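What the coordinates show
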Amino acid sequence: MKPLFENWQKFITEAKYSTNTGLNIFVADCILRYTLDGQSQSDILTAMRAIEGVTIVTVVEPARTLGNQEVMRIKIKYTPINLAVSEYTANLQRKINKINGVLSLQILKAVRA
């Protein structure tokens, strides 16, 4: 067990798009606005990561406080599940906007990773 624990990076690799597997991975560059009265930043990001198809949520620029809200730039890595890419992306935006404390999510750009 110890060799596996020490060398785990050799066994885990990130999946890339392949015509054989049909796996599509996309990255969305976004602006997230949320209220300071609702959930914490950590709770909001955790709720985003719990959405089916979302694999990674990364903070690109730290949050800036603007009155009673914070704004930050994030990247969301996702795999569209059972929907066309445009439909999944719009659905993802709707789901994130429904998270308690989120004021808005603006997707600036979504491209294949």
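Everything below is about the structure shown above.
Overview of the structure. The structure displayed is predicted, hence computed values, not measured ones.

With that out of the way, let us pick up the sheet that holds strand S3 (residues 69–78). Strands sit in the order S2-S3-S1-S4 across an open sheet of four strands; the sheet is antiparallel. Sheet topology places strand S2 (54–66) and strand S4 (102–112) at the edges, where each strand pairs with a single neighbour. Ignoring which end each strand starts from, the neighbouring axes of this sheet average 15° apart. Where strand S1 (residues 26–35) and S3 come together, 10 bridges link them in antiparallel fashion. Bridge pairing in S3 links Phe 26 to Tyr 78. Strand contacts of helix H2 (residues 41–49): S1, S2, S3 and S4, with the helix running at about 155° to S2, the strand carrying the most contacts.

This part is about the packing of aromatic side chains. All told, the structure shown has two aromatic pairs when counted by the stated rule. Ring centres 6.1 Å apart and planes at 25° place the aromatic pair Phe 26 and Tyr 78 in the stacked group. Of the two residues, Phe 26 is situated in strand S1 and Tyr 78 in strand S3; the sequence distance between them amounts to 52 residues. Taken individually, Phe 26 and Tyr 78 each receive the classification buried, so the pair is uniform in this respect. Their ring planes at 25° and their centres at 5.4 Å tell us that Tyr 78 and Tyr 88 sit as a pair that is stacked. With a gap of 10 residues between them, Tyr 78 in strand S3 and Tyr 88 in helix H3 (residues 85–97) connect regions that are remote in the sequence.

This paragraph deals with the nonpolar core. Counting 21 residues, the largest nonpolar core has Leu 32, Met 48, Ile 74, Ile 76, Leu 92 and Ile 96 as its most contacted members. When contributions to this core are tallied by element, the ones reaching two or more residues are S1, H2, S2, S3, H3 and S4. Broken down by element, the residue count for this core peaks at five residues, all from S1. Here Ile 96 is in contact with Leu 32, Met 48, Ile 51, Ile 76, Val 102 and Leu 105, once residues within four sequence places are set aside.

Here we come to the side chain of Glu 70. Relative to the helices and strands, Glu 70 is located in strand S3. Of note is the side chain of Glu 70, whose polar atom sits 2.5 Å from the side chain of Tyr 34. For Glu 70, the side chain forms a polar contact with the side chain of Thr 65, separated by 3.2 Å.

Here we come to the side chain of Asp 29. Mapped onto the elements, Asp 29 comes out in strand S1. For Asp 29, a relative accessible area of 9% puts it in the buried group. One polar contact links Asp 29 to Arg 73, side chain to side chain, over a distance of 2.6 Å. Discounting chain neighbours no more than four positions away, the residues touching Asp 29 are Arg 73, Ile 74, Lys 75, Gln 106, Ile 107, Leu 108 and Lys 109.

Parameters and conventions
- Residues numbered from 1 in each chain as written.
- Predicted model: local features only at pLDDT ≥ 70, side-chain atom pairs only at ≥ 80, totals over all residues.
- Heavy atoms only, no water.
- Pairing = 2+ DSSP bridges.
- Helix = DSSP H or I, 4+ residues; strand = E, 2+ residues; numbered from the N terminus.
- Axes fitted to C-alpha atoms, helices over the stretch in contact; angles between N-to-C directions.
- Contact = heavy atoms within 4.5 Å.
- Phe/Tyr/Trp six-rings, centres within 6.5 Å; stacked < 30°, edge-to-face > 60°.
- Buried < 20%, exposed > 50% of the residue type's maximum accessible area, 1.4 Å probe, protein only.
- Core = buried A, V, L, I, M, F, W, Y, C linked by side-chain atoms within 4.5 Å.
- Polar contact = N/O pair within 3.5 Å; in protein donor to acceptor, adjacent residues only side chain to side chain.

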